[in-house]
Amino acid sequence: GGLVCNVIQEERPCNTHACDRDCTLGPWTAWSPCSNACGTGTQESSREVLLPIRGRGVCPTRNSRERVEHRKCNAQPCEADSTCASQQDLVIIVDASGTSDDKAFGV
């Protein structure tokens, strides 16, 4: 039984929506330490890309206002006898290769 079909194949469009997606940015970071202890320095806050673009989506460049902000800090004038109050990095390198002994360091 049944009726004869005169169509062998059927087609219809699907998933016709755009696949483009703009990037998704993360939250603003905390402000960086001030670049100067006095005499006006700058601080920076930025946003990283959490989800990248797809297709022809768009994303602000790394240095754009949507991804990085700067502000002035420590605008007070420097005094002649002021001491450094900004954070300092300390790097300690240890040679664990065994090629040096106490004589190499004059101990």
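Reading the values: the criteria
Residues numbered from 1 in each chain as written. Predicted model: local features only at pLDDT ≥ 70, side-chain atom pairs only at ≥ 80, totals over all residues. Heavy atoms only, no water. Helix = DSSP H or I, 4+ residues; strand = E, 2+ residues; numbered from the N terminus. Contact = heavy atoms within 4.5 Å. Disulfide = S-S within 2.5 Å. Buried < 20%, exposed > 50% of the residue type's maximum accessible area, 1.4 Å probe, protein only.

Trainee: What am I meant to see in the side chain of S46 here?
Mentor: Tracing the chain through its elements places S46 in strand β2 (residues 41–46). Leaving out residues up to four positions away in the same chain, S46 has contacts with P27, W28, T29, R67 and V68.

Trainee: How do you make sense of the state of the cysteines when you look at a structure like this?
Mentor: Following the criterion strictly, the structure yields three disulfides and no others. Through a disulfide, C23 is tied to C59; the S-S separation comes to 2.0 Å. An S-S torsion of about 80 degrees defines the bridge between C23 and C59 as right-handed. Here C59 lies in the loop between β3 (49–51) and β4 (68–73) and C23 lies in the segment before β1 (24–25), a separation of 36 residues in the sequence. Residue C34 pairs covalently with C73 via a disulfide, S to S 2.0 Å. Across the disulfide from C34 to C73, rotation about the S-S bond amounts to roughly 95 degrees, and the bridge is consequently right-handed. Of this pair, C34 sits in the loop between β1 and β2 while C73 sits in strand β4, and the two are 39 residues apart along the sequence. Here C34 and C73 have matching classes, each one buried.

These figures capture arrangement, not role.
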